[in-house]
Amino acid sequence: MADYVPGKYQMTETENFDQFMERLGVGFITRKLGNRSYPVVTISKEVDEYTMKTESLVKTSEMKFKLGEQFEEITGDGRKVLSTMSMTAPNTMLHQMLGTDGGKDSICSREFMAEKLKVVCQVEEVITTRMYERKK
């Protein structure tokens, strides 16, 4: 089976993201900026370490991780979380984020396909779905 994870992806659709960020406790201005942003996500892999870079009009962030190893992450909205990435199926990556300092836990599942990336995130009962197209 092909490894569809590495690549560059442009967000094209978003659903329920404002409610998701609000439930996480993200402030009004940051939520409005986040809703207007259609980021580009670039994922690369060197041996067993992944790099995920997210670029938007608001912010550029980068994280490096190994599957199954917990790491500290500052999310795009400024929350500090303890993250763990794992592969739950071929080309499907689960991102578990444990809130710190009273922050909420959340999860994101990324399904990588030949031409697109589907990201489904959840905090409590609130779910957001974001679709990305693979860039050539």
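Look a little higher up for the structure.
Residue indices begin from 1 for each chain and proceed along its sequence in written order. Reporting in this predicted model follows two pLDDT cut-offs: at least 70 for local features of residues, and 80 or more for side-chain atom pairs to be given and counted; totals over whole chains, interfaces and linings ignore these cut-offs and use all residues. Derived side-chain values reflect all non-hydrogen atoms in the structure, with water molecules and hydrogen atoms excluded from consideration.

Undergrad: Just checking my understanding: could you explain the packing of aromatic side chains for this structure?
TA: In this description, a pair of aromatic rings is defined by centroid distance and the angle of the planes. Pairing of aromatic side chains here covers Phe, Tyr and the six-membered ring of Trp, requires ring centres within 6.5 Å, and sorts the geometry by plane angle: under 30 degrees stacked, over 60 edge-to-face, intermediate tilted. Scanning the entire structure with this criterion turns up 4 aromatic pairs. With 5.8 Å between their ring centres and 55° between their planes, Tyr-9 and Phe-112 make a pair best called tilted. With Tyr-9 in strand β1 (residues 7-15) and Phe-112 in strand β8 (residues 106-112), this pair connects stretches of sequence that are 103 residues apart. With respect to class, Tyr-9 is no different from Phe-112; both count as buried. Look at Phe-17 and Phe-20: their rings are 6.2 Å apart centre to centre, the planes differ by 20°, and that puts the pair in the stacked class. Within this pair, Phe-17 and its partner Phe-20 are both found in helix α1 (residues 17-24), separated by 3 residues, close to a single helical turn. Segments assigned H or I by DSSP are reported as helices when at least four residues long, segments assigned E as strands when at least two residues long, and all are numbered from the N terminus. Residue burial is assigned from relative accessible area. The probe radius is 1.4 Å, only protein chains are included, and a residue is buried under 20% of its type maximum, exposed over 50%, and partly exposed in between.

Undergrad: Would you explain the state of the cysteines in this entry?
TA: Linking two cysteines covalently through their sulfur atoms gives a disulfide. What counts as a disulfide here is a pair of cysteine sulfur atoms lying within 2.5 Å. For the structure on display, the rule yields 1 disulfide. Across the disulfide, Cys-108 is cross-linked to Cys-121 (sulfur-sulfur distance 2.0 Å). Its S-S torsion of approximately 110° makes the covalent link between Cys-108 and Cys-121 right-handed. Note that Cys-108 is positioned in strand β8 and Cys-121 in strand β9 (residues 116-123), a separation of 13 residues in sequence.

Undergrad: Just to check I follow, could you spell out a negative patch on the surface for this structure?
TA: Residues with no salt bridge and a relative accessible area higher than 30% make up the patches, which join like charges within 9 Å and nonpolar side chains (Val, Leu, Ile, Met, Phe, Trp, Tyr) within 5 Å. Each accessible area is a Shrake-Rupley result for a 1.4 Å probe, and residues are judged covered by the shown protein chains and nothing else. Note on definitions: salt bridges are taken to be side-chain nitrogens of Lys or Arg within 4 Å of carboxyl oxygens of Asp or Glu. Neither His nor the chain ends contribute to the count of charged residues, in which Lys and Arg are positive and Asp and Glu negative. Charge positions come from single atoms, namely NZ of Lys, CZ of Arg, CG of Asp or CD of Glu. On the surface, Glu-46, Asp-48, Glu-49 and Glu-69 cluster together into a patch of negative charge. Mapping Glu-69 onto the fold places it in the loop between β4 (60-66) and β5 (71-74).

Undergrad: Explanation requested: the pattern of salt bridges in the structure shown.
TA: Pairing between side chains becomes possible if they bear opposite charge and their charged atoms approach one another. As enumerated under the stated definition, the model contains 8 salt bridges in all. When the shortest N-O distance is used, the salt bridge between Asp-18 and Arg-31 registers 3.1 Å. Placement of the pair is Asp-18 in helix α1 and Arg-31 in helix α2 (residues 28-36), with a sequence separation of 13 residues. Arg-31 matches Asp-18 in its accessibility class, with the two residues each being buried. Because the salt bridges share partners, they merge into one network encompassing Arg-23, Lys-104, Glu-124 and Glu-125.

In short, geometric facts, not functional conclusions.
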